[in-house]
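Residues per chain, in single letters:
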Amino acid sequence: SIRALFTLFNNALATRNPQIVARRYAKDAILLPSSNGEALMSNEAIELFYEDYLQKRPQKRILEGRIQIFKGWAQDAGICEIEYMSGGRRRQMKARYSFVYIWEGHQWKIS
């Protein structure tokens, strides 16, 4: 299911390996991280972003969301809770999330 893709992404975050996380993205993906205001438009840029971000050991949990499925693509968007390390302490915050997936090859990838 599409919701299971969020779990796969979260599991990739848990590895703390930016290459594994970047592999969840399509070859022409665009990442728009809210933390730096830049559009990351290559797998190399996405991997570099996660090298830094994974130091915070993030984990996400969906609180509410909606899935829409179309021909060749799907969207999962809503509100999630993010746990992360900051200042040596585990912190939590609510945030919006939005994943657009495309069917690439034989699997769904983050677009």
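Residues numbered from 1 in each chain as written. Predicted model: local features only at pLDDT ≥ 70, side-chain atom pairs only at ≥ 80, totals over all residues. Heavy atoms only, no water.

Chemist: Any chance you could explain the nonpolar core here in plain terms?
Modeler: Burial of nonpolar side chains together is a common tendency in soluble globular proteins. Ranked by size, the top nonpolar core spans 28 residues in total, and within it Phe-9, Val-21, Tyr-25, Leu-31, Ile-46, Tyr-50 and Phe-99 carry the most contacts. Of all the secondary structure elements, the ones that give two or more residues to this core are α1 (2–15), α2 (18–22), α3 (43–53), β2 (73–86) and β3 (89–104). Here this core takes six residues from α1, the largest share from any one element. Among residues more than four places away in sequence, those in contact with Phe-9 are Val-21, Arg-24, Tyr-25, Tyr-50, Lys-60, Phe-99 and Ile-110. (Core = buried A, V, L, I, M, F, W, Y, C linked by side-chain atoms within 4.5 Å. Buried < 20%, exposed > 50% of the residue type's maximum accessible area, 1.4 Å probe, protein only. Helix = DSSP H or I, 4+ residues; strand = E, 2+ residues; numbered from the N terminus. Contact = heavy atoms within 4.5 Å.)

Chemist: Would you explain the sheet that holds strand β1 (residues 59–70) in this entry?
Modeler: Sheets are built from strands that pair by backbone hydrogen bonding, the pairs being arranged parallel or antiparallel. With antiparallel pairing, the four strands of this open sheet are ordered in space as β1-β2-β3-β4. Each of the sheet's edge strands pairs with one partner strand only, and the pair in question is β1 and β4 (107–110). Strand-to-strand twist across the sheet, computed as the mean angle between neighbouring axes with direction ignored, equals 30°. Packed onto the sheet, α1 meets β1, β2, β3 and β4 and runs at close to 145° relative to β1. (Pairing = 2+ DSSP bridges. Axes fitted to C-alpha atoms, helices over the stretch in contact; angles between N-to-C directions.)

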